[in-house]
Amino acid sequence: MTQALIKTKEKKPISLKNIYSPSLRQEAWKNGKWFLFLLPALLVYIIFMAAPLFDSLRLSLYTGEGFSPTTFVGLGNYIELFTNPLWVERFSGAVLHTCIFFGIHMLVQNSLGLFFAVLLSSKFKGRDFFRTIIFTPATLSVLVSGFLWTLILNPQWGAVNIILEKVGLKAWALPWLGEENLALIVISLTSAWQWVGMPTVMFLAGLVGISEELIEAAHIDGASAWTTFWRIQFPLLMPVVGIIAILTFVDNFNAFDVIYAMAGARGDPGYSADLLATLFYRTGIAGEHPVGIPNMGMGAAIATMTFTILMTGVLLWLFLSRRQSADL
Amino acid sequence: MMTKSLKVLQTLLFAVVIISLAACGAQPATSTTEPAMPTDTVVAPADTQAPAQEVTLTLGSWRTDDAEAWAKILTAFHDKNPNITVKFDPTNPPDYNATLRTQLETGTGPDLFFVRSFATGLDLFKQGYVASLKDLPGLADSVSAASNAPWATDSGEPYAVPIAAVSHGIYYNQDLFAANGIAVPTTWEELMAAAKKLQDAGVTPFANGTKDEWDINEVVLMSIIPNEIGGRDGRIAYLTGKSCFNDAKIVDSFQRIKDLTPYLPNGFTATSYSDSTQLFTQGKAAMLFDGSWQISAIEKEAPSFKWSVFAVPPPAGKDEYVSFHVDAAIGMNPASKNQEAAKTFLQWLETTEFNDAFANNVPGFFPMSKAATTINDPVAATFLSFNSKAKGTDIRFPWEKLMDAPSGQESAYTVMNAGAIAVLKGDKTPQQAADDLQAALALWYDPAKGCKNN
């Protein structure tokens, strides 16, 4: 590789210096060659991301059975989604449940992630072991971990209730996935358990990046570990906090697999764990059990609403983070 | 207890591995246009339809549990028709409708496939994804019009050959019944007395739960209703608007569900369909409302006790009706390249040969053609004996007309399912559940709008 580079260097007068020279760059810009470099990525993006997205937006204006609805209804699907009492109930339920799902991840997964990162950033015996352990669940398939948790939480022979009964807390041995006020919270917690490694790794990277000098200086000034964390480390971690928040937001508003694995496509019991993605799946792809006739147009309308929520959230975050960095 | 749960865990983990392996292996077979897999010795040339040529057909199905049995049935067919090999290609039941539709729409559908009864199948037929069978020789003679009605248009044009009906009943642990001095109940009151007696003896009377939702509706509520409303005639009264969906008989049906609440397992709200089977086969619960299709699953678990099945008993003073439900038919893909071979297979479904191979390899599924059948499985034979003792049989309540609610409305199935669970949990009274059903149907089902309670 280097030899080849050297050879071309000998043959042609172009050196690495020349490639980065302003004159060459200007030339490439002028005759439009820059576009060639963008083309591969752009094509992949258009074919696999932009085109399906726009097709989905288009689809939301049509109605009919099957995978290529043909009757144009304009905003009919949206009007039905926001006026038909059943759709309103299902859709607002899904939005609410998705918000709760997101809230629990922010509260539990990301706070625990920060806590673990702080613990793991200090030096102690077996640190690497714990770093591995905390990240391990994230390498499992969601369907597998969801299935294992349904077994662990099973009221008849699940480990959780057996342990609770053994230690004399029989009254606490609840049907965890069968109660409407419990199922969503329990599923959110298992999902937070699985993904806690992600924020941990990111916070850890952020903490390691903070200069030792700052912490030493604070130490010399007599600041306690608590004060050092909240006054020095945490503020410097804010950009990471922002990125983790937005990643969690996008992930959670698209979440489908964990609910499908633990509560089925309807978010059982009684739609209490129904998220935007499961509502979309039922409406647009699977159809309502047991008839199973999908309504692709309405499904696309729900997907578009999810997209709108995500877009608003991400734009808001971009706006806020821009302003924050400007303030700094 | 711990070792048992470990064992269950191990078995399930093993099952997950096997299923995922099986899924990987099954995928290439879903596309008929792809070249045959290297293990296949029979390769159908795509450009010829001459019957002398060897042909391979695929058969789509939702019966993943019966793959082994179907291999035997299809071998019986192959022995008779050496030129035609049919490959069974099942899909996980909850995903079947969506998967089949995708396959058909993208031109990768199987040559032959299981067709759901009434609205779901009719919808596919109307969109041209199922071939008409009005010219299939012998169909009109071997299958009665009533049996074929769930897979025919209103004008009587058939599009699938009915192969199976299923029955419903209560599986029971004969040893536990004998130990507690309980005779097989013949009325609902006796059933409740038996449940009370078992509970007092420290045994969970019923194994059923509501985690998967569908089973409380399809195997419990739907098998109680025919007794309460008086079979088919009773059901037609609702469908024609002569009775309202919140009349006393429907309220009573939901009341029967409420009767069961104290006798279900601890944590029944999180007890799944397979948990229920396990509770029964491990002898932890004495009775199980279930369908005849579950016979082989229970036999596979090899319970260490004697077990059998009895019909869901009617309340004292009412006639007994059996929930005998049309379940499966096989239709043909009009886009199939091997129509003649597919038709040969469909005609074979009307023979005694098929009936015997089917009924005895898949016990609990009862053939629907008039060709003679011998049923060897004792439990399956017991299920079938209910029909002759009862006053009549009927299909599940909402299937015929109350399933295909327009978009944005709820089907009777959905409302009854939610109602049954709410009643069980004590969130709704039977009257409220029945009122919900009437209110939901009055929004889209015309006869329900104009009904009058007498």
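Residues numbered from 1 in each chain as written. Chains lettered and ligands numbered in written order. Predicted model: local features only at pLDDT ≥ 70, side-chain atom pairs only at ≥ 80, totals over all residues.

As a further point, take the overall build of chain A. Per the secondary structure count, chain A includes 16 helices and two strands. Here the C-alpha radius of gyration of chain A, 26 Å, is well above what a compact globule of 328 residues would show, namely 20 Å. For chain A, the spread of C-alpha atoms along the principal axes amounts to about 75 × 65 × 45 Å. Taken over 328 residues, chain A has a buried fraction of 34%. Considering only contacts within chain A whose residues lie at least 6 apart along the sequence, 62% involve residues at least 24 apart. (Helix = DSSP H or I, 4+ residues; strand = E, 2+ residues; numbered from the N terminus. Rg over C-alpha atoms; globule rule 2.2 N^0.38 Å. Buried ≥ 20, exposed ≤ 12 C-beta atoms within 10 Å, placed from the backbone. Contact = placed C-beta atoms within 7 Å.)

Attention now moves to the sheet that holds strand S7 (residues 285-291) of chain B. Residue and element names in this part refer to chain B. Read across the open sheet, the four strands follow the order S6-S7-S5-S8; overall the sheet is mixed. The open sheet has two free edges, formed respectively by strand S6 (204-206) and strand S8 (307-310), since each of these has just one partner strand. Taken pair by pair, the neighbouring strands of this sheet meet at an average axis angle of 25°, ignoring direction. Pairing of strand S5 (residues 168-173) with S7, which is carried by five bridges, proceeds in the antiparallel orientation. Bridge assignment links Gly-169 to a residue of S7, and that residue is Asp-290. Helix H16 (residues 378-389) rests against S5 and S8 of the sheet, and its axis sits at about 15° to S8. (Pairing = 2+ DSSP bridges. Axes fitted to C-alpha atoms, helices over the stretch in contact; angles between N-to-C directions.)

Take the packing of helix H6 (residues 85-121) of chain A against helix H10 (residues 183-195) of chain A next. Residues and elements named next belong to chain A. Taken N-terminus to C-terminus, the directions of H6 and H10 make an angle of 45°; their axes are 9 Å apart at the nearest point. By the angle between their directions, the pair H6 and H10 is classed as oblique. Like other packed secondary-structure pairs, H6 and H10 cross with a definite hand, here right-handed. Contact residues: His-97, Ile-100, Phe-101, Ile-104, His-105, Val-108 and Gln-109 in H6; Leu-184, Ile-185, Ser-188, Leu-189, Ser-191, Ala-192 and Trp-195 in H10. (Parallel < 35°, antiparallel > 145°, perpendicular 65-115°, else oblique. Left-handed = near helix turned anticlockwise from the far one by under 90°.)

Attention shifts here to the pairing of strand S3 (residues 112-115) of chain B. All names here are of chain B. Where strand S1 (residues 55-61) lies against S3, two bridges are found, and the strand directions are parallel. Paired with Gly-60 across the bridge in S3 is Phe-113. Alignment of S3 against strand S10 (residues 325-332), held across four bridges, turns out to be antiparallel. Counterpart to Phe-113 in the pairing with S10 is Gly-331.

Now for the packing of helix H11 (residues 248-260) of chain B against helix H18 (residues 430-442) of chain B. Residue and element names in this part refer to chain B. Interaxial distance between H11 and H18 falls to 8 Å at its minimum, and their mutual angle equals 130°. By the angle between their directions, the pair H11 and H18 is classed as oblique. Considering the relative orientation of H11 and H18, their crossing is right-handed. Residues Ile-250, Val-251, Phe-254, Gln-255 and Lys-258 of H11 form the contact with H18, whose own contacting residues are Pro-430, Gln-431, Ala-433, Ala-434 and Leu-437. Of the residues contributing to the contact of H11 with H18, the split by class is seven nonpolar, two polar and one charged. (Nonpolar A, V, L, I, M, F, W, Y, C, P; charged D, E, K, R; others polar.)

Right, let's talk about the nonpolar core for a bit. Within the largest apolar cluster, 134 residues are counted, with the highest numbers of intra-cluster contacts made by Val-161, Phe-206, Ile-330 and Leu-437 of chain B. It is helix H17 (residues 412-425) of chain B that contributes the most residues to this core, 10 residues altogether. Three or more residues apiece are contributed to this core by two domains, here domain 1 (50-166 + 326-380) and domain 2 (168-324 + 396-449) of chain B. Not counting chain neighbours up to four residues away, the residues in contact with Ile-330 of chain B comprise Leu-112, Phe-113, Phe-114, Val-115, Ala-160, Val-161, Ile-163, Leu-346 and Leu-349 of chain B. Of all hydrophobic cores here, the second largest spans 41 residues; its members include Ala-273, Leu-275 and Tyr-281 of chain A together with Ala-270 of chain B. (Core = buried A, V, L, I, M, F, W, Y, C linked by C-beta atoms within 7 Å. Domains from an automatic or database assignment.)

The next subject is unusual backbone geometry. Excluding glycine, a negative phi dihedral is what most residues carry, and trans is how most peptide bonds are arranged. Residue Pro-269 of chain A is bonded to the preceding Asp-268 of chain A through a cis peptide linkage, with omega at -5°. With respect to the element layout, Pro-269 of chain A can be found in the loop between helix H14 (257-263) and helix H15 (276-286). With a phi angle near 60°, Tyr-271 of chain A is a residue other than glycine that sits in the positive phi range. Within the secondary structure layout, Tyr-271 of chain A lies in the loop between H14 and H15. Its identity as a non-glycine residue notwithstanding, Phe-118 of chain B has a phi of 50°, on the positive side. Mapping Phe-118 of chain B onto the fold places it in helix H4 (residues 118-126).

Here we come to the domain arrangement of chain B. Residues and elements named next belong to chain B. In terms of domain boundaries, chain B breaks down into domain 1 (50-166 + 326-380) and domain 2 (168-324 + 396-449). For domain 1 versus domain 2, the distance between C-alpha centres works out to 29 Å. Taken together, the contact between domain 1 and domain 2 spans 12 residues of the former and 14 residues of the latter. Going through the elements one at a time, H4, strand S4 (161-166) and H16 are the ones with two or more residues in the side of domain 1 that touches domain 2. Tallied by class, residues from the side of domain 1 that touches domain 2 come to eight nonpolar, two polar and two charged.

Once that is clear, we can look at the interface of chain A and chain B. In this assembly, 36 residues from chain A lie in contact with 39 residues from chain B. Secondary structure elements with two or more residues in the side of chain A that touches chain B: H6, helix H8 (142-152), helix H9 (159-166) and H15 of chain A. Here the side of chain A that touches chain B gets three residues from one element, more than from any other, and that element is H8 of chain A. Taken together, the residues of the side of chain A that touches chain B break down into 21 nonpolar, 10 polar and five charged.

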